[in-house]
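# Structural features, examined
Here are the chains, one letter per residue:
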Amino acid sequence: ALIETLIQRSRNYIYTTAIPSAIAAATLESLKIARTEEWRRDRLCELIKLFRAEAKEIGFRLSDSCAPIQPLVVEDSTRAVFLSRMLEDHGCLCTAIRPPTVPKGTSRLRVTLTAAHDEDDVHRLLKALRTSLKQKQQTK
């Protein structure tokens, strides 16, 4: 009887545009966390500053954005794919974004930082970037 009632009356089962109840509950909880746990934003801002400072030191061109998603422009799509794969081998997921998603000559790595990361994670990523860049230069 319960299953039949849900099938016949559950809005998110009947209408494909309705938000599933679990998503609605998770969204409400995430809003509560965002309002009450300001330390998460503070931590994320510090990680972004750390990443940007060291990425510039390595020689990457960065946009003016201080958002959690930091694109590292590497220009060549082959280089972007190579670096993405090398970073993955080092345990870092940085997707290569290439044409036609971005204009030709602006291929990039998409670095996404979160409050769940810590300084060690950022340092590990930057070390992996340095190592990967050296390996790419050696394969030329």
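Everything below is about the structure printed above this text.
An account of the accompanying structure is given in this report. (Residues numbered from 1 in each chain as written. Predicted model: local features only at pLDDT ≥ 70, side-chain atom pairs only at ≥ 80, totals over all residues. Heavy atoms only, no water.)

### Things to note about the pairing of strand β1 (residues 69-75)
- With respect to burial, β1 is a largely interior element, 5 of its 7 residues being buried.
- Bridging between β1 and strand β3 (residues 107-112) involves 6 bridges; their strand directions are antiparallel. Bridge pairing in β3 links leucine 72 to leucine 109. (Buried < 20%, exposed > 50% of the residue type's maximum accessible area, 1.4 Å probe, protein only. Helix = DSSP H or I, 4+ residues; strand = E, 2+ residues; numbered from the N terminus. Pairing = 2+ DSSP bridges.)

### Describing the state of the cysteines
- Applying the stated rule across the entire model yields 0 disulfides.
- Counting only cysteine sulfurs, cysteine 92 is the nearest neighbor of cysteine 94, a cysteine outside any disulfide, at a range of 6.1 Å.
- Relative accessible area serves as the criterion here: at 3%, cysteine 94 is assigned to the buried category. (Disulfide = S-S within 2.5 Å.)

### Details of the layout of surface pockets
- Here the largest pocket is characterised by a volume of approximately 240 Å³.
- Together, 14 residues line the largest pocket, and Leu93, Cys94, Thr112, His117 and Leu125 are the ones closest to its centre.
- Where the lining of the largest pocket is concerned, the elements lending two or more residues are β3 and α6 (119-138).
- When residues in the lining of the largest pocket are grouped by element, the largest group, 4 residues, is from α6.
- If you add up the space inside the second largest pocket, you get close to 160 Å³. (1 Å grid on protein atoms, 1.4 Å probe; cavity = no way out; pocket = protein on both sides within 12 Å on 5 of 7 lines; lining within 4 Å. Points joined across faces, edges and corners; volume = space filled by probe spheres on them.)

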